[in-house]
Amino acid sequence: QSPGINARIGGQAVPVVGRISMDYTILDVTDLKGYAALGDKAVFFGADLENQAVNAHMINYELLTGLGARCKRVYIK
C-alpha cells in the first residue's frame, strides 16, 4: 500500500494499493463499510487535498497541475 494515500468512496477513506500508474489505480476496499458497486465514484482530491499532498511529498498545487488534460474536473463551491 502507498502509506497515507487514500481515495474516498461514499465518504469513506480507502487506501491506494501499490503505485498509481497512468490512468490505473487499485484501491483496497476490504474495510469499506457496505459495498463498493460498479459505477461508484472514487474521489481523490477534496477537502483533504492538503493532507493528500503532504502524504505524497508534494504541495497541493503540484497535485492539481500534475493532472493531465484527460482528467475530468468537477469544482464544487
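Residues numbered from 1 in each chain as written. Predicted model: local features only at pLDDT ≥ 70, side-chain atom pairs only at ≥ 80, totals over all residues. Heavy atoms only, no water.

A.B. asks: Can you walk me through the overall build of the protein chain in this structure?
C.D. replies: Assigned secondary structure in the protein chain consists of 2 helices and 4 strands. Helices and strands in the protein chain line up, N terminus first, as β-β-β-β-α-α. In terms of overall size, the protein chain behaves like a compact globule, its C-alpha atoms giving a radius of gyration of 13 Å where 77 residues would be expected to give roughly 11 Å. Structurally, the protein chain occupies a C-alpha span of about 35 × 25 × 25 Å along its principal axes. Of all 77 residues assigned to the protein chain, the portion counted as buried reaches 14%. Counting contacts in the protein chain only where the partners sit at least 6 residues apart, residues at least 24 apart contribute 29% of the total. Put simply, the protein chain shows about 6400 Å² of open surface, and 58% of that area lies on carbon and sulfur atoms. Placing the 8 positive and 7 negative side-chain charges of the protein chain at their respective mean positions leaves the two points 8 Å apart. (Helix = DSSP H or I, 4+ residues; strand = E, 2+ residues; numbered from the N terminus. Rg over C-alpha atoms; globule rule 2.2 N^0.38 Å. Buried < 20%, exposed > 50% of the residue type's maximum accessible area, 1.4 Å probe, protein only. Contact = heavy atoms within 4.5 Å. Areas by Shrake-Rupley, 256 points an atom, 1.4 Å probe, with all protein chains shown as cover. Lys, Arg positive; Asp, Glu negative; His and termini not counted. Charge placed at Lys NZ, Arg CZ, Asp CG, Glu CD.)

A.B. asks: Looking at this structure, how should I read the confidence of the model for the protein chain?
C.D. replies: Where the model shows low pLDDT, its predicted coordinates should not be examined in detail. Summary statistics for the protein chain give a mean pLDDT of 83 and a share of 95% for residues scoring 70 or more. Averaged pLDDT values over the elements of the protein chain bottom out at 84 in strand β2 (residues 12-21) and peak at 90 in strand β1 (residues 6-9). (pLDDT = per-residue confidence, 0-100.)

A.B. asks: I tried to follow the environment of G34 on my own but got confused; where do I start?
C.D. replies: In this fold, G34 is placed in the loop between β3 (24-27) and β4 (42-43). Here the alpha-carbon distance between G34 and G10, two residues 24 residues apart in the chain, equals 9.5 Å.

A.B. asks: Before we go on, may I ask you to explain the environment of G68 in this structure?
C.D. replies: For G68, the location among the structural elements is in the segment after α2 (60-65). C-alpha of G68 to C-alpha of D48: the two residues are 20 residues apart in sequence and 20 Å apart in space.

A.B. asks: Please clarify how the sheet that holds β4 should be interpreted in this entry.
C.D. replies: Each strand in a sheet pairs with another by means of backbone hydrogen bonds, the pair being arranged parallel or else antiparallel. Taken together, the 4 strands give an open sheet; going across it, the order is β3-β2-β1-β4, and neighbouring strands pair in antiparallel fashion. For this open sheet the edge positions go to β3 and β4, each flanked by a neighbour on one side alone. One ladder, built from 4 bridges, connects β1 with β2; its direction is antiparallel. When the sheet's bridge partners are listed, N6 is paired in β2 with P15. (Pairing = 2+ DSSP bridges.)

A.B. asks: What should I look at first to understand the pairing of β2 in this one?
C.D. replies: Linking two consecutive strands that pair antiparallel, namely β1 and β2, is a turn of 2 residues; a positive phi of about 60° is found at G10 within it. With 3 bridges joining them, β2 and β3 adopt antiparallel strand pairing. Bridge pairing in β3 links V16 to L27. Connecting the antiparallel pair β2 and β3 is a turn made up of 2 residues, with M22 showing a positive phi of about 50°.

A.B. asks: Looking at this model, I keep getting lost on the pattern of salt bridges. Mind explaining?
C.D. replies: Where charged atoms of side chains with opposite charge meet at close range, the side chains can pair. Here the structure, examined in full by the defined rule, presents 1 salt bridge. When the shortest N-O distance is used, the salt bridge between D48 and R8 registers 3.6 Å. A residue pair is termed long-range when its members are at least 10 positions apart, and D48 in the loop between β4 and α1 (49-55) and R8 in strand β1 qualify at 40 residues. (Salt bridge = Lys/Arg side-chain N within 4 Å of Asp/Glu carboxyl O.)

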